[in-house]
Each structure stands twice: as C-alpha cells, then as structure tokens.
Amino acid sequence: MNPGFSILALIVLMGAVGAMTLRNLVHCALSLAVTFAGLAGLYLALGAEFVGLAQVLVYIGAVAILIVFAILLTRPLDTAQARPFSATWVAGLAVALIVFGVLSMAIHRSGVGADRVALSGGVTVREIGDLLMTWYVVPLEVVGLLLTVALIGAVIIALREEAPRAEDAAGDGPGKGIGKEKEPGHREP
Amino acid sequence: MTTLQSYLLLSALLFAIGFAGAVTRRNAIIVLVGIELMLNAANLNFIAFWRYGAGDAAGGVMFVIFSIAVAAAEAAVGLALIIAVYRHFKTVNLDRIHSMKG
Amino acid sequence: MNGMREAADQIFVNAKHWLVEWMPPALQPLSSILLSVSAIVSVFALLFAITTIVERKGLGRFQNRLGPNRVGPFGWLQPVADGLKTLTKEDVVPRAADRLVHFLAPLALVVPVFLAFSVLPIGRNMAAIDLDAGLLFFFAVGASSELAVFMAGWSSRNKYSLLGAMRAIAQMISYEVPLIVSSLTVVMMAGTLSLVEIVRVQADFWHGLPQWHVFTPWGLAGFLLFFVAATAESNRSPFDIPEGESEIIAGYYLEYSGFKFALFFLGEYLGLFAVSALAVTLFLGGWSAPVSLLAWLPSWFWFFAKLCALIAVLIWVRATLPRLRMDQLMRFAWTFMLPMALINLVVAAVWHYVGGGLAGWLIGAVLLAVPYVGLGLLLGRPGGFRKRTYRFAD
C-alpha cells in the first residue's frame with residue numbers, strides 16, 4: 001500500500017467520521033471540509049487534476065461555506081440537552097454496517113480491478129474543454145439550466161417570509177425613520 | 001502500488017459513514033452533510049474506475065464534473081429548504097418536524 | 001552581450017540547477033521543491049516587510065505627516081522592530097474561544113496563500129509548478145481562505161469577530177464571481193488555463209510594441225474589473241468593511257494577538273500580492289518587457305516592477321477613497337461588476353471574430369460604453385442606493 005494513499009484515506013475517513021459524530025455543528029462542517037480536501041488530494045493523486053481543483057473550488061469554497069451559513073442561521077434552541085443522534089440510531093447504524101458489509105463483500109467477490117493497473121497520463125484541460133463543447137454539449141447546457149433554476153429556486157425559497165410585514169406594504173417612505181427597522185413583533189424567538 | 005480495490009473499499013466505507021450519519025443524526029443540516037459524503041463516495045468511484053482503465057478516454061472525469069455541478073445545486077436548494085423549514089417550525093430537529101400541512 | 005543577457009535572465013534558474021546537482025540523486029526532486037518553496041517564501045515575505053514600511057510612510061505623506069521615522073535611517077528599519085515586537089508579545093486566547101479552531105485559523109489562511117504563488121510565473125522558466133490548470137489552482141486555493149476567515153471569526157466567540165467574518169465571506173464570495181468571470185476573457189482568448197502559456201502568448205512584440213491583453217478593449221475592461229474585484233477580494237480599502245476599525249473594531253482577527261495576529265497580517269498582504277501578481281500575469285504581460293528596446297533587462301525584474309507598480313496604486317487608492325457601506329458594496333458587485341464582466345465576455349468573443357483591428361476596437365468600445373453609461377445612470381439615480389432596511393438583522 002502506497003503511503004500517500006494511506007495518509008489521504010486516513011484524512012478522508014477521519015474527517016467523515018468527525019463530520020457525522022461531533023456534537024458541535026460547526027465542527028462537523030469544518031470536519032467535512034477536511035474530508036473534501038482529502039478527496040481532492042486523492043483525485044490529484046489519481047491524475048484527475050481538473051476534478052481535484054474543481055472539488056476544492058466548489059466544495060470547500062462554496063458548499064462548506066453554505067453549510068456553515070445555514071448552521072449559523074438555524075441555531076437550535078435546545079443546544080444544551082439535545083442528543084445529536086435520533087432515538088433509532090442503533091437500527092440506522094446496523095443498516096449502515098450491513099450496507100458496508102454487502103459492498104465490501106461484492107468488491108472482494110467480484111475481484112474487479114485485481115489485474116488492472118493505473119493508466120499513465122491524465123486528461124488535459126483542453127481535452128475536457130473540447131469534449132464539453134462537442135460530445136457533452138447538451139448535458140452542459142442542461143447543467144447550466146439546472147444551476148440557474150436551483151439558484152433562483154433557492155433564493156425564492158429562502159426569501160419567503162411567513163407573515164407579510166407591514167413595512168413592505170407601506171413602501172419605503174423617507175419619513176419613517178429608524179424606528180421601523182426594529183419591529184419587536186418580528187424578532188425570532 | 002495501490003490497487004483499484006483499495007479505492008473501492010475506501011469509497012464504500014465513506015458511503016457507509018455518510019449513510020449512517022444521514023439516518024441517525026437529528027439535525028437536518030448534518031443529514032444533508034451525510035448525503036454530500038455519499039455523493040462524494042460515488043465521485044471517488046468514478047475517478048478510480050476511470051483511472052484503472054474503463055475504455056472511454058475521459059468519461060469518468062466528465063461524469064464527476066457534472067456530478068459536482070449537480071451536487072452544488074442540490075446543496076443550495078437543500079439548505080434553502082432547511083432554512084424555510086426552520087422559519088416555520090423554529091427548529092431543524094428532524095424528530096420534531098412531524099406535520100406536513102400548515 | 002546576448003549571452004550575458006541570457007545569464008542575467010536565468011540566473012536564479014541556473015543557480016537552482018547548480019545547487020540541485022550537488023545533491024545525491026535520490027534527494028534531487030525533494031531539494032528542487034524545497035529550493036523553490038524557500039525562494040518564494042523568503043522573497044514574498046521580504047516584499048511584505050518592504051510594503052508595510054512603504055505603505056506607512058506613503059500614507060503618512062498622503063495625510064501630511066511624516067510616518068514612522070525613528071528606527072534606523074529615516075525609519076526604514078521599522079519592519080524589523082515590528083517583527084520583533086509581534087514575536088515577543090503575549091499570545092492571548094479568549095477563555096471562551098474554541099482553542100483548536102482558533103489556533104488553526106491563521107495557518108489555514110497563510111498556507112493556501114503561499115500555495116497560490118507556486119503557479120505564478122515570476123520570470124522566464126520561473127514558475128514553481130507549471131500546472132495545466134494553473135488558473136483553476138489559483139482560484140481553488142483562494143477560495144479555501146474563506147473558510148479560514150470563518151474559522152477565525154467564529155472560534156473567537158466575539159460578536160464583532162463573527163460579524164467581521166460574515167461580512168468578509170459575503171464580500172469575498174460576491175467579488176469572486178466578477179473576478180473569475182473577468183479573468184475568463186483571457187482564458188478564452190489565450191485558449192489555456194496554464195499561466196505560463198498565458199504569459200507566453202503576450203510575450204511577443206509587434207513592431208517593438210507589446211501585445212499585452214490590457215491593450216485590447218476586452219483586456220482593458222477586464223483588467224479594470226479584475227483589479228477592482230481583487231481589491232475587494234483582499235479586503236483592501238475602500239472595500240475594507242470586514243475590518244472597519246470604526247464599526248467592528250478589527251473584524252475577524254480582533255481576538256488575535258502576538259504572532260498569530262502577525263500571521264493574519266502577513267496572509268492579507270500575501271493575498272494582495274498574489275492577486276496583483278495574477279493581474280500582472282493575465283493582463284499586463286507577466287514577465288515580458290513593455291517595449292522590445294527594454295527587453296535586455298531580466299524577466300524577473302519586469303515582473304516585480306509591474307507588481308510593485310500595482311501595489312503602489314493600491315496604496316494610493318487606500319489613501320484616497322473613503323470606505324463603502326456594506327449594502328453599497330454588495331449592490332456594486334451584483335448589479336454593476338457582474339453584468340459588466342459578462343458583457344466583457346461577449347466583447348472578447350466579438351473581438352475574436354472581427355479579428356481585432358480598428359473595427360474590433362470600435363465595436364468593443366460601443367459594446368462596453370453603452371452598458372457602462374446605462375448601468376451608471378440606472379444605479380446612480382436618486383433612490384438607486386436606497387436606505388438599508390434590515391430584513392434579517394432583527
């Protein structure tokens with residue numbers, strides 16, 4: 001076993017376990033970022049340069065930040081006595097163990113890749129760009145549309161307020177002053 | 001020399017950890033984190049199979065690029081939904097969110 | 001004569017090869033990496049020290065005072081005194097702080113910034129690694145500094161720190177979009193993500209004149225957009241809202257002292273150098289000389305001359321412009337910078353199909369000037385910058 005692979009695998013697994021078990025939610029998110037970084041390292045080690053860097057840019061630069069923001073926006077009220085795991089955690093863990101057992105058994109039994117060796121030489125960015133503009137152009141457009149829809153949808157869902165606020169209906173007159181900015185009735189409990 | 005099987009085993013373990021977290025944690029955001037881990041396990045499989053020769057020149061890489069884009073969209077919409085749920089129920093504890101209507 | 005020029009140009013490359021050859025063969029790759037790393041670390045740390053004193057003295061002159069003038073001749077040894085002071089100061093960690101994250105945050109900020117320098121070609125044959133996806137690497141490591149900012153702000157358990165971190169992250173994410181889109185024009189025209197290649201495209205001369213990207217309509221607009229976005233990305237004035245002293249004291253590194261504070265300071269300046277160096281690489285021809293008559297000066301000299309010029313402009317801007325307000329800043333990013341950057345992509349495409357020349361200039365100028373004036377009128381009208389209503393702050 002290659003030492004580089006072992007170290008990266010250890011980083012990935014420790015980050016994943018931390019993300020799933022830590023009590024402090026922000027620690028979970030940071031632990032998740034460690035996992036993403038380890039995975040990016042694995043992609044780079046496998047010669048998928050573009051994917052590894054895109055992984056860092058998208059997952060650490062965007063998804064982890066998004067999760068952190070969501071955690072801070074939804075501070076749970078009962079932090080002190082809350083148990084992080086649900087009441088049926090034993091069943092859940094058992095199912096997960098069974099899933100892993102079945103998967104690893106399948107990997108061992110099938111013997112896939114036992115005789116395979118890693119190809120040398122990766123794929124250049126130019127090749128990826130050419131493929132995206134020719135063979136994969138329809139998926140590319142669909143993904144662009146999906147991202148646009150997701151962006152607009154996320155904004156609409158997150159912006160929607162439960163009760164219409166008085167000031168929105170009344171408009172933004174100049175004379176209303178500072179007082180309206182702090183409506184006691186609208187404060188989150 | 002790292003074999004394909006070790007990558008597949010790592011990916012399976014990552015998937016199982018993500019799955020265990022997604023079904024046992026009570027906080028909706030951490031459930032989403034678990035789903036992200038499972039998605040990443042799948043991505044690792046794609047790259048590993050691509051690297052260890054699956055015929056197509058760049059198929060695995062292209063698949064992962066699209067998968068990352070879709071996962072970004074999923075995370076954005078998922079977290080927006082969680083925030084909307086939080087605004088309604090004042091909690092993201094999945095054990096407390098029972099009712100669908102109202 | 002030519003040989004001497006070549007020797008001066010490649011002096012560092014040759015010195016490195018000479019040193020590496022002294023090593024046993026097994027250690028040669030490692031020693032090559034270590035030499036590149038130590039060169040980058042020492043040169044840019046030195047540039048950081050020089051910049052701090054130049055900035056303080058320059059700001060002093062701008063504000064009609066002397067600036068630091070006690071340590072050494074004319075105060076030029078002030079960075080040494082500052083360094084000694086930060087090294088010997090007590091390292092205070094708040095009692096409520098999350099100790100591990102608080103400790104890791106400055107490291108998580110500084111290490112990626114140093115990594116970003118590894119793909120920049122600071123001279124002919126002088127990029128530490130010539131990555132095929134160099135630009136993507138740069139932006140990837142730049143994006144990971146956002147998480148470090150969050151770690152610093154959150155772990156301090158101080159509301160000013162957290163507010164500063166939130167402002168910084170919102171600002172960095174918002175300005176990352178125009179930053180990347182405006183640099184995409186260069187990628188489109190050069191046809192590569194490798195920074196070494198991008199410089200090579202611009203390095204030739206046309207009748208003794210340079211062919212930098214900034215001398216095209218899309219390049220000029222792209223450079224200006226990139227530079228404004230880079231200023232915001234590195235939290236420089238007039239976009240230094242995340243650390244506005246008069247509002248939130250010092251932002252996300254409020255609870256840091258001693259050496260950790262120095263690391264934040266270093267990280268911020270190194271980030272500034274990195275984006276400025278990227279601007280030089282993408283738009284100002286990297287290490288190439290401005291006219292062919294001056295090409296006898298070594299390539300690394302030109303790179304650092306351009307970098308220092310950009311840093312001087314940034315100091316000048318800092319001394320001149322007042323700080324913006326948070327909502328103005330975000331509005332500016334999304335309603336002005338992003339549309340202009342997208343239009344600039346179209347201009348680059350048109351330039352490519354027209355084939356440059358006078359027609360390209362005319363079409364590009366019209367395509368850029370009309371939205372510029374239009375957006376300016378639209379956003380500058382009374383009520384364009386409305387009074388802020390705090391929807392989520394209560």
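Here the structure is a predicted model, which is why all the values come from computation and not from measurement.

K.L.:
Can you help me understand the overall build of chain B in this one?
P.N.:
The helix and strand tally for chain B stands at three helices and zero strands. Helices and strands appear in chain B in the N-to-C order α-α-α. Radius of gyration (C-alpha) of chain B: 17 Å, far over the 13 Å computed for a compact globule of 102 residues. Summarising its shape, the C-alpha atoms of chain B cover approximately 55 × 25 × 15 Å along the three principal directions. Evaluated residue by residue, chain B yields a buried proportion of 61% over its 102 residues. Intrachain contacts of chain B at a sequence separation of at least 6 include 50% that bridge at least 24 residues.

K.L.:
Is there a simple way to explain the overall build of chain A in this structure?
P.N.:
From N to C terminus, chain A includes seven helices and zero strands. Mapped from its N terminus to its C terminus, chain A presents α and β elements in the order α-α-α-α-α-α-α. Burial status across chain A gives 30% buried among its 189 residues.

K.L.:
Can you help me understand the environment of Leu266(C) in this one?
P.N.:
Residue and element names in this part refer to chain C. Considering the arrangement of structural elements, one finds Leu 266 in helix α11 (residues 258-283). When the C-alpha positions of Leu 266 and Gln 171 are compared, they lie 20 Å apart, and in sequence the two are 95 residues distant. Discounting residues that sit within four places of it in the chain, Leu 266 has contacts with Phe 48 and Val 110.

K.L.:
Teacher, can you tell me more about helix α14 (residues 357-380) of chain C here?
P.N.:
What sets the pattern is the α-helix's 3.6 residues per turn: residues three or four places apart point alike. Helix length check: α14(C), at 24 residues, gives a terminal C-alpha distance of 34 Å against a target of 34 Å (1.5 Å per residue), a fit within 8%. Counting buried positions along α14(C) yields one of 24 residues, so the element is predominantly exposed.

K.L.:
Got a minute to help me understand the confidence of the model for chain B in this structure?
P.N.:
Note: predicted coordinates in regions of low pLDDT should not be interpreted at a detailed level. Residues and elements named next belong to chain B. Averaged over all residues, the pLDDT of chain B equals 84, while 92% of them reach at least 70. Within chain B, the element-level pLDDT minimum falls on helix α3 (residues 59-89), averaging 87, and the maximum on helix α2 (residues 28-51), averaging 90. Two numbers describe this predicted complex: its pTM, 0.86, and its ipTM, 0.88.

K.L.:
Can you walk me through the nonpolar core in this structure?
P.N.:
Within soluble globular proteins, side chains that are nonpolar tend to cluster in buried spots. Residues Ala64(A), Ile67(A), Ile29(B), Val61(B) and Ala279(C) are the most contacted members of the largest nonpolar core, which totals 183 residues. With 17 residues, the single largest contributor to this core is helix α3 (residues 49-73) of chain A. The residues touching Ala279(C), leaving out its near neighbours within four places in the chain, are Phe223(C), Phe226(C), Phe227(C), Ala230(C), Leu284(C) and Leu310(C).

K.L.:
It is not clear to me how unusual backbone geometry should be interpreted in this structure. Could you clarify?
P.N.:
Peptide bonds are, in most cases, trans, and in most cases residues other than glycine have a negative phi. All names here are of chain C. Despite not being glycine, Phe 74 has its phi angle at roughly 55 degrees, a positive value. If you trace the backbone, Phe 74 turns up in the loop between α3 (28-62) and α4 (78-88). Its identity is not glycine, yet Arg 157 carries a phi of approximately 55 degrees, on the positive side. The residue Arg 157 is located in the loop between α6 (134-155) and α7 (159-190) in this model. Using a count of 15 C-beta atoms within 10 Å as the deciding quantity, one classes Arg 157 as partly exposed.

K.L.:
How should I be thinking about the interface of chain B and chain A in this particular structure?
P.N.:
As a measure of interface size, the accessible area lost when the parts come together is often cited. Counting residues at the interface gives 66 residues for chain B and 72 residues for chain A. Secondary structure elements with two or more residues in the side of chain B that touches chain A: α1 (4-24), α2 and α3 of chain B. At 22 residues, α3(B) tops the list of elements feeding residues into the side of chain B that touches chain A. Tallied by class, residues from the side of chain B that touches chain A come to 45 nonpolar, 14 polar and seven charged.

K.L.:
Where do I start with the packing of α11(C) against helix α12 (residues 299-320) of chain C in this structure?
P.N.:
Each packed pair of helices is defined by two parameters, the angle between the axes and the distance between the axes. All names here are of chain C. Close contact between α11 and α12 brings their axes to 9 Å; oriented N to C, the two are set at 120 degrees. Of the possible angle classes, the one that applies to α11 and α12 is oblique. Two packed elements cross with a definite hand, and for α11 against α12 that hand is right-handed. Contacts between α11 and α12 pair Leu 272, Phe 273, Ser 276, Ala 277, Ala 279 and Val 280 from the former with Phe 303, Lys 306, Leu 307, Leu 310, Ile 311 and Leu 314 from the latter.

K.L.:
Looking at this model, I keep getting lost on the packing of α3(C) against α4(C). Mind explaining?
P.N.:
All names here are of chain C. For the pair α3 and α4, interaxial distance at closest approach is 9 Å and the crossing angle is 110 degrees. With respect to α4, the element α3 is oriented roughly perpendicular. The handedness of the crossing between α3 and α4 comes out as right-handed. On α4, the residues touching Ala 49, Thr 52 and Ile 53 of α3 are Gln 78, Pro 79 and Asp 82.

K.L.:
Just checking my understanding: could you explain the environment of Trp76(C) for this structure?
P.N.:
All names here are of chain C. Along the chain, the position of Trp 76 falls in the loop between α3 and α4. Assessed through the 15 C-beta atoms surrounding it within 10 Å, Trp 76 is described here as partly exposed. Along the backbone, Trp 76 and Ala 152 are 76 residues apart, and their C-alpha atoms lie at a distance of 32 Å.

K.L.:
Explain helix α13 (residues 326-354) of chain C to me, please; I cannot follow it from the model alone.
P.N.:
Residues and elements named next belong to chain C. Taking 1.5 Å of rise per residue, 29 residues should cover 42 Å, and α13 covers 41 Å from first to last C-alpha, within 8% of that figure. The sharpest bend along α13 reaches about 30 degrees and sits at Ala 333. Those residues of α13 lying buried are Leu 329, Phe 332, Ala 333, Met 337, Met 340, Ala 341, Asn 344, Val 347, Ala 348 and Trp 351. Buried positions along α13 lie against α7, α9 (217-233) and α14.

K.L.:
Explain the confidence of the model for chain A here, please?
P.N.:
Of the residues in chain A, 74% reach a pLDDT of 70 or more, and the chain-wide mean stands at 77. Of the regions scoring below 50 in pLDDT, residues 163-189 of chain A engages in 12 contacts with residues more than four places distant in sequence or in other chains.

Rules of the game
- Residues numbered from 1 in each chain as written.
- Chains lettered and ligands numbered in written order.
- Predicted model: local features only at pLDDT ≥ 70, side-chain atom pairs only at ≥ 80, totals over all residues.
- Helix = DSSP H or I, 4+ residues; strand = E, 2+ residues; numbered from the N terminus.
- Rg over C-alpha atoms; globule rule 2.2 N^0.38 Å.
- Buried ≥ 20, exposed ≤ 12 C-beta atoms within 10 Å, placed from the backbone.
- Contact = placed C-beta atoms within 7 Å.
- Expected span 1.5 Å × (residues − 1).
- pLDDT = per-residue confidence, 0-100.
- Core = buried A, V, L, I, M, F, W, Y, C linked by C-beta atoms within 7 Å.
- Nonpolar A, V, L, I, M, F, W, Y, C, P; charged D, E, K, R; others polar.
- Axes fitted to C-alpha atoms, helices over the stretch in contact; angles between N-to-C directions.
- Parallel < 35°, antiparallel > 145°, perpendicular 65-115°, else oblique.
- Left-handed = near helix turned anticlockwise from the far one by under 90°.
- Bend = angle between axes of the 7 residues up to and from the residue.

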